Structures are given as structure tokens and as C-alpha cells.
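# Commentary on secondary and tertiary structure
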Amino acid sequence: NILADLADKIHPVDLKTRDKVVFSNSEEIPILIVAHGEVCLKNEGKDVITLKKGAVFGDLFSQGEVPVVTEAEALERSILFRISIHDFYFVMANHSDLVQGLIRNRSDKKAAPLTN
């Protein structure tokens, strides 16, 4: 049920190399998942972070303050999953096991030692 509810909220974006997705100033930055390829998130044209396949970007998935981004640019052919933060919260509100999994996942990441 969780997967069906999440899949219903995910909007896939198929990007060719150098294609961009622009986020308007009035819109909250959605949760972004790189399903394929590599994407550079930018703020006013300046590189902020590069996400590779499997990477997730968003308020719930960042340690510390989430950087401001105004666009995502594909560095190669990429598929980006876009989920509205409000839709994600709605799914979480209806699936307590998803919330428990996220809390457990976040706790494990914070406890894991950093390696160089």
C-alpha cells in the first residue's frame, strides 16, 4: 500500500544532457530522487550539489540546513523522480510504518561514523 500511494505521487522527469528543471520562487523545493544518471542542483546558476543515481535531496533527507536551489540540470541522460513535500507528508500521515522506517534510517545514518 505504501509503494502504491508513493508511486501515485511521484512525477518522473526524463532529462537529456543539459536539460533543466526550474523551480519557481513561490514553490517549495520538492523531494528529488535520481533514479538514473547524474544531476547538478544549482542556485541562480551556481553549482550547489551534484546528485548521482540513488541520491535523494529534500528537507527530510538532509543533515542540517537544506541549501536553496533554483534549478536542476542533467549532466547526462537522467531520470529524476519529483515528489511534492506536501504529498509526501500526506503519505506519511497515512502510513505510520513509513515514518518509523524513516526515523530508523535517519538514526542509523547519524550514528554511523564518517570515513574519508
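Residues numbered from 1 in each chain as written. Predicted model: local features only at pLDDT ≥ 70, side-chain atom pairs only at ≥ 80, totals over all residues. Heavy atoms only, no water.

## Regarding the sheet that holds strand 2 (residues 20-22)
Note on sheets: strands pair through backbone hydrogen bonds, and any given pair is parallel or antiparallel. An order of 2-7-4-5 is seen for the 4 strands of this open sheet, with the pairing classed as antiparallel. Sheet topology places strand 2 and strand 5 (46-52) at the edges, where each strand pairs with a single neighbour. Each neighbouring strand pair of the sheet contributes to a mean axis angle of 20°, computed without reference to strand direction. Examined bridge by bridge, strand 4 (residues 38-43) and strand 7 (residues 71-74) share 4 bridges and lie antiparallel to one another. Considered in strand 7, the bridge of Cys40 is made with Glu73. (Pairing = 2+ DSSP bridges. Helix = DSSP H or I, 4+ residues; strand = E, 2+ residues; numbered from the N terminus. Axes fitted to C-alpha atoms, helices over the stretch in contact; angles between N-to-C directions.)

## Re the sheet that holds strand 1 (residues 11-15)
Read across the sheet, 4 strands follow the order 1-8-3-6 without closing on themselves; strand pairing throughout is antiparallel. Here the strands that pair on one side only, and so sit at the sheet edges, are strand 1 and strand 6 (56-57). Across 2 bridges, the pairing between strand 3 (residues 31-36) and strand 6 is antiparallel. Paired with Leu32 across the bridge in strand 6 is Phe57.

## Looking at the pairing of strand 8 (residues 78-83)
With 5 bridges joining them, strand 1 and strand 8 adopt antiparallel strand pairing. For His11, the partnering residue across the bridge sits in strand 8 and is Arg82.

## Some details on the pairing of strand 3
One ladder, built from 5 bridges, connects strand 3 with strand 8; its direction is antiparallel. Counted as the bridge partner of Val34 is Leu80 from strand 8.

## Let's talk about unusual backbone geometry
A positive phi angle, close to 75°, is found at Arg18, a residue other than glycine. Mapped onto the elements of the fold, Arg18 is located in the loop between strand 1 and strand 2. By relative accessible area, which is 51% here, Arg18 ends up exposed. Phi at Glu44 takes a positive value of approximately 55°, unusual for a residue other than glycine. Within the secondary structure layout, Glu44 lies in the loop between strand 4 and strand 5. Taking relative accessible area as the criterion, Glu44 reaches 62% and is therefore assigned exposed. (Buried < 20%, exposed > 50% of the residue type's maximum accessible area, 1.4 Å probe, protein only.)

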